[in-house]
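# Per-entry structural report
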Amino acid sequence: MEAFSIVGRPPHEIAIVSGIGCSSRLPAYTKCYGFHGVHGRALPFSVGLKMVRPDLEVVAVGGDGDGYSIGGNHFMHACRRNIDMLYLVMDNRVYGMTKGQPSPTTEGDWDSQIAPGGTGLPSFNPLAVGLAAGANFVARGYVGDPIGLTNLIVEGIQFKGFAFLEVLSPCAIFRPEEIGWKARAHSRKKPPSADRATAIADALNEDELGLGVFFRREQAIDVKREKSTLTLADIERSFEI
Ligand SMILES: Cc1ncc(C[n+]2csc(CCOP(=O)(O)OP(=O)(O)O)c2C)c(N)n1
């Protein structure tokens, strides 16, 4: 709310779009326009919305299970499509809603009832993937740092193009050890890079709890859009055999 008030747009000029998960409940907690969609589909809906209503501030939100697993394909292509919007992922490294199922960002050795001994899989690095797919604004925030997070949300909304913000969001129920992030999360030492390869190396090599902007490079947004002249009746007729 604070970030939206700093951006200075009233609720009816903002649309928050989500998929499925505890984190995807977010649209219901604001007075903005909201769309609570289906698993992993927040991004295609948001992209379509922004294309037909460029006047709206569009913010897609969700979790790591929703966005990086079932929505992973949409994530990559939204990064390279560079539509002017913010994608905010509340990453708790678990499917909270399905009661502790490992997600793509879960550590391979995390023991759980559903995957005893861990999945054994390397975890997905969302920042490196977003950068490799072409996102021009890539940052990491933390819910335990509300001032820093507010600034990153404002920066992401004001960025011209697709902004990807990964937000460390502990799940106190299924991953209580993540509460310990509070003592370890810290600001990154390096300033944002404008060199993609450097930013990817930073995302892969730096401490996983480093907060701040990794990459920022504005690139012209070139959306080719043709106005349809079809009426609803025309579309209806096209279904007739
Ligand atoms: C592999 C897999 N695909 C799809 C689903 C359906 N599904 C149920 S909840 C959910 C998302 C919840 O996880 P997350 O996005 O991490 O949100 P959280 O509840 O942790 O906020 C999805 C995609 C599933 N459970 N498992």
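## Digging into the site of the ligand
Near the ligand there are 20 residues, and of these Gly21, Gly63, Gly65, Asp66 and Gly96 occur at the shortest range. Sorting the residues of the shell around the ligand by element identifies β3 (57-63) and α3 (64-70) as the ones contributing at least two each. Element by element, the count of residues in the shell around the ligand is highest for α3, at five residues. Of the residues belonging to the shell around the ligand, the class tally is six nonpolar, twelve polar and two charged.

## Considerations on the sheet that holds strand β1 (residues 14-18)
Across the sheet, eight strands lie side by side as β2-β1-β3-β4-β6-β5-β8-β7; this open sheet has mixed pairing. A single partner strand is all that each edge strand has here, and the edge strands are β2 (33-36) and β7 (186-187). Strand contacts of helix α5 (residues 126-133): β4 (85-91), β5 (137-142), β6 (162-168) and β8 (210-216), with the helix running at about 165° to β5, the strand carrying the most contacts.

## As for the packing of α5 against helix α8 (residues 196-205)
Contact geometry for α5 and α8: axes closest at 8 Å, N-to-C directions at 165°. Relative to α8, the element α5 is oriented roughly antiparallel. Crossing geometry of α5 relative to α8 is assigned as left-handed. Together, Leu127, Ala128, Leu131 and Ala132 of α5 and Arg196, Ala199, Ile200, Ala203 and Leu204 of α8 make up the contact between the two elements.

## Thoughts on the packing of helix α2 (residues 42-52) against helix α4 (residues 72-81)
Where α2 contacts α4, the axes come no closer than 9 Å and their chain directions differ by 30°. Put simply, α2 runs roughly parallel to α4. Here Leu43, Pro44 and Val47 of α2 lie close against α4, whose contacting residues are His74, Phe75, Ala78 and Arg81. Of the residues contributing to the contact of α2 with α4, the split by class is five nonpolar, one polar and one charged.

## Focus: the pairing of β3
Counting buried positions along β3 yields seven of seven residues, so the element is predominantly enclosed. Side chains of β3 alternate between two faces, with Glu57, Val59, Val61 and Gly63 and Val58, Ala60 and Gly62 buried alike. As paired elements, β1 and β3 share five bridges and run parallel to each other. What sits directly across from Ile14, in β3, is Glu57. Here five bridges tie β3 to β4, and the two strands are oriented parallel to one another. Across the sheet, the residue bridging to Val61 is Leu88, located in β4.

Rules and cut-offs
Residues numbered from 1 in each chain as written. Predicted model: local features only at pLDDT ≥ 70, side-chain atom pairs only at ≥ 80, totals over all residues. Near = placed C-beta within 6 Å. Helix = DSSP H or I, 4+ residues; strand = E, 2+ residues; numbered from the N terminus. Nonpolar A, V, L, I, M, F, W, Y, C, P; charged D, E, K, R; others polar. Pairing = 2+ DSSP bridges. Contact = placed C-beta atoms within 7 Å. Axes fitted to C-alpha atoms, helices over the stretch in contact; angles between N-to-C directions. Parallel < 35°, antiparallel > 145°, perpendicular 65-115°, else oblique. Left-handed = near helix turned anticlockwise from the far one by under 90°. Buried ≥ 20, exposed ≤ 12 C-beta atoms within 10 Å, placed from the backbone.

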